[in-house]
Amino acid sequence: MTNAIACVDKAEAFLVIGSNTTENHPIIGDRVKRAVTRRGAKLVVIDPRRIPLAEYANVFLQIRPGDNIAVLNGIMHVILQEGLHDAAYIEERCEGFDAFAASLEKFTPEWVEQNTGVSADALREAARLYATADPASILYAMGVTQHTQGTDAVKALANLAMLTGNVGKEGGGLNPLRGQNNVQGACDMGGLPNVVTGYQKVADDEAMAKFDEAWGRKVRREVGLTVTEMGNRAADGSLKALYIMGENPMITDPDLHHIEKALDNLEFLVVQDIFLTETGQKADVVLPACSFAEKDGTFTNTERRVQRVRRAVAPTPGCRPDWAILADLMGRMGYKAEYAGPEEIFEEIRSLTPSYAGITYDRIENEGIPWPCPDTDHPGTPILHVGGFARGKGLFHPVDYNGPDELPDDDYPFFLTTGREHPHYHSGTMTRRCGRINDCFPEGFMEMNPVDAERLGLATGDPVKVSSRRGEITTKVQVIDRTAPGTVFMSFHYSESPVNQLTNSAACPTCKIPEYKVCAVRVEKL
């Protein structure tokens, strides 16, 4: 991961995959467009939909949902065959190259075309465009990670960046565009089951010793559960209680019938949120929290930049900042957690987190600092892996292509892929309550290619029933050539047509992220 803004401003070429950048990350998307139109930067876009950014692309590869790895391996096959890789960089800074190179042998452009439908000539053009630019930047988002092979796809992207010498240089790198504004910060603070702050492993006694001392008791060393595992454990009765903060799984989790059964099976459910969400309506206790505009603290953005957040308006009566709610709760459970405010909490964070150690409120008063920042004299690290990798040498990972967990068949003949649309945000907890936005965009649609719509006798605005192996919903059709024939698209913002009743809960075995981006559905005119 590098500095996303710097990469956009300096890159000579971009490969954008699994990211509807202009709609979901509009500031970065706008900079990419300006780089193309004003500086002449080259652009490759890989996506199942002809997203707005594709109109600016030199090469657009419209793939089937779930074919990321096959296409990426095909691109790398071309780069190797045509000698476009950075041999000196690989020799000096990487290892595992021979096994990796051998793993690409079958992924010829012709094999990719036969197995994915992507033109062999277009694949070659994309490979040459990316590999001959210096520097070249990769931008990706949840269209890469929300697959059963999501971790493997990220490894394939890392392989591609190392293959061309584009890691550790300004304007290059591998840039994940995070799904929400403080996802990076939440992960940094230990919002994962196997780490505490700064990705220090809970099973590492040496790392955890300082937490034992700071908190005055021995911290448990067991790895916790992922969100997917929590749902399964709640459903089978082995998880008895759940505390949900700022999350609305009754809209955002896959296979909603399953998650509803899981939540209903709990003995005790607490929801802490800024509105009474669909999930909050199931809670035994609801704790009203403050919105971002009503509290002080820090957010860490997609380029690891720790930035101050300042209260702009007084909190709604009865609502409290998250930290105050949690500190009070800890006190009532027997652990004295008394803080004067967010800055005191941040001082504790940096005392226990080496990557945050040099960041203080005074230093980020006017401008944020990207971690790692080990001491107060350090300027921060805008670009990772300059001159070397944290592990020593970058490791190439051979990655094979297995395809998605679920494919269309005679009963469910369409690919369904899901995502966001520009007007609304995530589960709609905020934007669906915004009058002007909701007046203009009050309902969701299912995008369908004109070829499929004509075959089914459908026109824009027609109501349809969409069914998968897990459930069915009703919505309206939008006939548009954004998706390829055989693929339909829906956003997940609308509780009236909750697309996640259809999606597949099969998950990546490594990171346990569900395969939101691919399932098989049937479409019937109502």
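Residues numbered from 1 in each chain as written. Predicted model: local features only at pLDDT ≥ 70, side-chain atom pairs only at ≥ 80, totals over all residues. Heavy atoms only, no water.

1. A few points about the overall build of the protein chain
Thinking step 1. The helix and strand inventory of the protein chain stands at 19 helices and 19 strands.
Thinking step 2. For a compact globule of 526 residues, the expected C-alpha radius of gyration is about 24 Å, and the protein chain comes in at 24 Å, within 12% of that figure.
Thinking step 3. Structurally, the protein chain occupies a C-alpha span of about 65 × 60 × 45 Å along its principal axes.
Thinking step 4. Counting across all 526 residues of the protein chain, residues that qualify as buried make up 53%.
Thinking step 5. Here the protein chain displays about 23,300 Å² of accessible surface, and carbon together with sulfur accounts for 51% of that area.
Thinking step 6. Seen as two clouds, the 54 positive and the 72 negative side-chain charges of the protein chain have centres 2 Å apart. (Helix = DSSP H or I, 4+ residues; strand = E, 2+ residues; numbered from the N terminus. Rg over C-alpha atoms; globule rule 2.2 N^0.38 Å. Buried < 20%, exposed > 50% of the residue type's maximum accessible area, 1.4 Å probe, protein only. Areas by Shrake-Rupley, 256 points an atom, 1.4 Å probe, with all protein chains shown as cover. Lys, Arg positive; Asp, Glu negative; His and termini not counted. Charge placed at Lys NZ, Arg CZ, Asp CG, Glu CD.)

2. Thoughts on the sheet that holds strand β11 (residues 305-309)
Remark on secondary structure: sheet strands pair via backbone hydrogen bonds, oriented parallel or antiparallel.
Thinking step 1. As summarised here, the arrangement of the three strands in space is β10-β11-β12, forming an open sheet in which the pairing is antiparallel. Each having just a single partner strand, β10 (297-300) and β12 (369-370) make up the two edges of the open sheet. (Pairing = 2+ DSSP bridges.)

3. Side note on the environment of Ile 79
Thinking step 1. Mapped onto the elements of the fold, Ile 79 is located in helix α4 (residues 68-81).
Thinking step 2. Spatially, the C-alpha atoms of Ile 79 and Ala 126 are 9.9 Å apart, while their sequence positions differ by 47 residues.
Thinking step 3. Those residues in contact with Ile 79, other than ones at most four positions away along the chain, are Leu 84, His 85, Ala 127, Tyr 130, Ala 131, Leu 160, Leu 163 and Thr 164. (Contact = heavy atoms within 4.5 Å.)

4. Observations concerning the nonpolar core
Thinking step 1. Membership of the largest hydrophobic core comes to 50 residues, with the highest contact counts inside it found for Leu 15, Ile 46, Leu 61, Val 71, Ile 75 and Leu 160.
Thinking step 2. Of all elements in the fold, only β1 (13-17), β2 (42-47), β3 (59-62), α4, α5 (87-93), α8 (120-132), β5 (136-140) and α10 (150-163) reach the threshold of two or more residues within this core.
Thinking step 3. With nine residues, the single largest contributor to this core is α4.
Thinking step 4. Residues within four places of Val 71 in sequence aside, it is in contact with Ile 46, Leu 61, Ile 63, Val 112, Thr 116, Val 118 and Leu 123. (Core = buried A, V, L, I, M, F, W, Y, C linked by side-chain atoms within 4.5 Å.)

5. Things to note about the packing of aromatic side chains
Working definition: an aromatic ring pair is given by the centre-to-centre distance plus the angle between the planes.
Thinking step 1. Within this structure, the stated rule accounts for nine aromatic pairs.
Thinking step 2. Lying across the ring of Phe 489, Arg 49 places its NZ or CZ 3.6 Å from the centre.
Thinking step 3. Directly above the ring of Trp 371 sits Arg 304, whose terminal nitrogen or CZ lies 5.6 Å from the centroid. (Phe/Tyr/Trp six-rings, centres within 6.5 Å; stacked < 30°, edge-to-face > 60°. Lys NZ or Arg CZ within 6 Å of the ring centre and 35° of its normal.)

6. Observations concerning the side chain of Thr 145
Thinking step 1. With respect to the helices and strands, the residue Thr 145 is situated in helix α9 (residues 142-145).
Thinking step 2. Judged by relative accessible area, Thr 145 falls into the buried class, the value being 18%.
Thinking step 3. Apart from residues no more than four positions distant in its own chain, Thr 145 is found in contact with Tyr 140, Gly 150, Val 154 and Ile 513.

7. Re unusual backbone geometry
Thinking step 1. The residue after Asp 134, namely Pro 135, is reached through a cis peptide bond having omega 0°.
Thinking step 2. Relative to the assigned elements, Pro 135 resides in the loop between α8 and β5.
Thinking step 3. Note that the residue after Trp 371, namely Pro 372, is joined by a cis bond; omega there is 0°.
Thinking step 4. One can find Pro 372 in the loop between β12 and β13 (394-395).
Thinking step 5. Within the chain, His 385 stands out as a residue other than glycine whose phi angle is a positive 65°.

8. Overview of the sheet that holds strand β9 (residues 285-288)
Thinking step 1. Strand order in the open sheet formed by three strands is β7-β8-β9, with parallel pairing between adjacent strands. Both outer strands of the open sheet, β7 (241-245) and β9, are each paired with one neighbouring strand and no more. Each neighbouring strand pair of the sheet contributes to a mean axis angle of 10°, computed without reference to strand direction.
Thinking step 2. Bridging between strand β8 (residues 268-273) and β9 involves four bridges; their strand directions are parallel. Note on β9: the bridge partner recorded for Asp 273 is Pro 288.
Thinking step 3. Relative to the sheet, helix α16 (residues 322-332) contacts β7, β8 and β9, its axis offset from that of β7 by approximately 155°. (Axes fitted to C-alpha atoms, helices over the stretch in contact; angles between N-to-C directions.)

9. Notes on the packing of α4 against α8
Axis angle and axis distance: for two packed helices, these are the angle between their axes and the distance between the axes, and together they describe the pair.
Thinking step 1. Where α4 meets α8, the closest approach of the two axes is 9 Å, and the angle between their N-to-C directions is 65°. One way to sum up the angle between α4 and α8 is to call them roughly perpendicular. Pair α4 / α8 crosses with right-handed handedness. Side by side, α4 and α8 meet where Val 71, Gly 74, Ile 75, Val 78 and Ile 79 of the first sit next to Leu 123, Arg 124, Ala 127, Tyr 130 and Ala 131 of the second.
Thinking step 2. In terms of residue class, the contact of α4 with α8 is built from eight nonpolar, one polar and one charged. (Parallel < 35°, antiparallel > 145°, perpendicular 65-115°, else oblique. Left-handed = near helix turned anticlockwise from the far one by under 90°. Nonpolar A, V, L, I, M, F, W, Y, C, P; charged D, E, K, R; others polar.)

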